Amino acid sequence: MNMIRLAKVRIILLFLPLHMMVSAQELRVESPDKNIVVRIENSDRISWSAFYKGRTIVDESDLGFEFRGEESMTGNFLITDHAFKTINEKWTPVVRSKHSEIIDNYNELHLILREKSGPLRKMELFFRAYDDGIAFQYRLFRGSVIGNREITRELTTFAIPGDPKAWVVEYGGYNSSNEAEFFEHPLSYISEKTIAGMPLLMEYDNSCWIAITEAKITNYAAFYLGTDGKTNRLVTKLVPLPGEPETGVKVRFDDEVTTPWRVVMIGDSQGTLIESEIIQNLNDPCALSDVSWIKPGLCAWDHWWSGEVKMEMPVIKQYIDLASSMGWPYMLVDWQWYGKFNTPEADITKWAPQINIPEIVDYAAAKNVKIILWLYSSDVNRNCALRRLFHYTANGV
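A few points on the structure. (Residues numbered from 1 in each chain as written. Predicted model: local features only at pLDDT ≥ 70, side-chain atom pairs only at ≥ 80, totals over all residues. Heavy atoms only, no water.)

1. Things to note about the overall build of the protein
Along the backbone of the protein there are seven helices and 25 strands. Projecting the C-alpha coordinates of the protein onto the three principal axes gives extents of approximately 70 × 45 × 45 Å. Here the protein, with 397 residues, has 46% of them falling under the buried criterion. Restricting the contact set of the protein to residue pairs at least 6 apart, pairs at least 24 apart contribute 65%. For the protein, the exposed surface amounts to about 20,400 Å²; the carbon and sulfur share of it is 52%. Averaged over its 42 positive side-chain charges, the protein has a centre that lies 4 Å from the centre of its 52 negative ones. (Helix = DSSP H or I, 4+ residues; strand = E, 2+ residues; numbered from the N terminus. Buried < 20%, exposed > 50% of the residue type's maximum accessible area, 1.4 Å probe, protein only. Contact = heavy atoms within 4.5 Å. Areas by Shrake-Rupley, 256 points an atom, 1.4 Å probe, with all protein chains shown as cover. Lys, Arg positive; Asp, Glu negative; His and termini not counted. Charge placed at Lys NZ, Arg CZ, Asp CG, Glu CD.)

2. Section: the sheet that holds strand β25 (residues 370–373)
Strand pairing in a sheet takes place through backbone hydrogen bonds and is either antiparallel or parallel in direction. With respect to topology, three strands assemble into an open sheet ordered β23-β24-β25, the strand pairing being parallel. With partners counted over all chains shown, the strands left at the sheet margins are β23 (299–301) and β25, one partner each. Adjacent strand axes in the sheet meet at a mean angle of 30 degrees, parallel and antiparallel pairs treated alike. Where β23 lies against strand β24 (residues 330–333), three bridges are found, and the strand directions are parallel. Across the sheet, A300 pairs through a bridge with M331, a residue of β24. (Pairing = 2+ DSSP bridges. Axes fitted to C-alpha atoms, helices over the stretch in contact; angles between N-to-C directions.)

3. Topic: helix α4 (residues 313–326)
Between its terminal C-alpha atoms α4 stretches 20 Å, which fits the 20 Å expected from 14 residues at 1.5 Å a residue. For α4, the full list of buried residues reads M313, V315, I316, Y319, I320 and A323. Two residues or fewer after α4 comes G327, characterised by a positive phi angle close to 80 degrees. (Expected span 1.5 Å × (residues − 1).)

4. Things to note about the nonpolar core
By size, the foremost hydrophobic cluster in this structure holds 55 residues, and its most contacted members are W48 and F158. By size, the runner-up hydrophobic cluster in this structure holds 25 residues, among which are A323, Y338, A352 and V380. (Core = buried A, V, L, I, M, F, W, Y, C linked by side-chain atoms within 4.5 Å.)

5. Details of the pairing of strand β5 (residues 46–52)
In terms of burial, β5 is a largely internal element, seven of the seven residues being buried. By the bridge criterion, seven bridges tie strand β4 (residues 36–42) to β5 in an arrangement that is antiparallel. In the strand pairing of β5, E41 is matched with S47. Count of turn residues in the β4/β5 antiparallel hairpin: three residues. Note that β5 and strand β6 (residues 55–62) share five bridges and pair antiparallel. In the sheet register, A50 faces β6, and the bridge partner there is V58. With antiparallel pairing between neighbouring strands as the criterion, β5 and β6 make up a hairpin whose turn holds two residues, including K53 at a positive phi of roughly 50 degrees.

6. Here's the deal with the side chain of S47
Mapped onto the elements, S47 comes out in strand β5. In terms of polar contacts, S47 uses its side chain to reach the side chain of E60, at 3.1 Å. Contacts of S47, omitting those with residues within four sequence positions, involve R39, I40, E41, E60, S61 and L63. (Polar contact = N/O pair within 3.5 Å; in protein donor to acceptor, adjacent residues only side chain to side chain.)

7. Concerning the environment of L187
Considering the arrangement of structural elements, one finds L187 in the loop between β15 (183–186) and β16 (200–205). Residue L187 is classed as buried on the basis of its relative accessible area, which comes to 0%. Excluding residues that lie within four positions of it along the chain, L187 makes contacts with I160, D163, P164, A166, L200, M202, N232 and L234.

Given below as structure tokens:
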């Protein structure tokens, strides 16, 4: 979520103190309130586990990657450096959805790893412990040969103890609208065939709830969960690149790449997870200097209430009237307003013959309502159509 950071930041960078390093091969980072502990073990393979108020919430789980044309990166690492950082700040979000002011307080462990033999590839790991969850991400670097490195699997796993209740949403594939219902199952319901969307919510008991999700997705494949045949051993399923099979390439990069944050939200109740701001804290601050034009608000939406879209002027005006009478600032004009969609013939710069967008906008303005237009992603991308659309709108069409 876009945001503006406003407060002072307290940062401490130092070698890990003795109480943070259990042995040469095991390191830990705690949440500020010390209720959450993340343990990282580096031996023949590198792994992680997590604990909440003394109980295990994630058993020893794998880290690493598989590549096309390279050996896997799963272990055999030397920790060449490590640092501990504490952040405690307050900031004001652009869109105040939960809190008008957000506290960002965590402890972070930064590990720099290099293989002991072979190509001596480098990898970095960042682990953060908040009072309401944990997060970790990887950083990978370019290879010795010029050209793309290709990730075929991210080997991040989540070994969940017991068989907690889970709320699972399945889309049946990687290309979906992400619009489906979450159903309650025992976690053991999830199989090798499952492609479970985010967040995956679990109830360990009445005093421990967790949700697995992600944050800060930039130039990387989206993240789903399934198993590798071992019950309750959740594995990462990345979305294949277009044209690639499920076993194929998920991410290509020719320089360094930083993965999204893998997030485990943790709380005593469902309400604690709802109140959490960990996802916003993990995303980047707002990059815009002027955010005065961002005005969230309720909207009228015929498809939402009626279950269908009647792309007709009287119906659209009826919903504009509804928004006006309710004091809502927006009316959403949904699919088919530019006729065919998700086809090569689709043209987002022209409205369908039975409607008139300028008339709709003028009618709404007279009612103190603004219009939101729905667009299909492929129609926006095709032939750089978005540039043409904004050229027209900037010139007053």
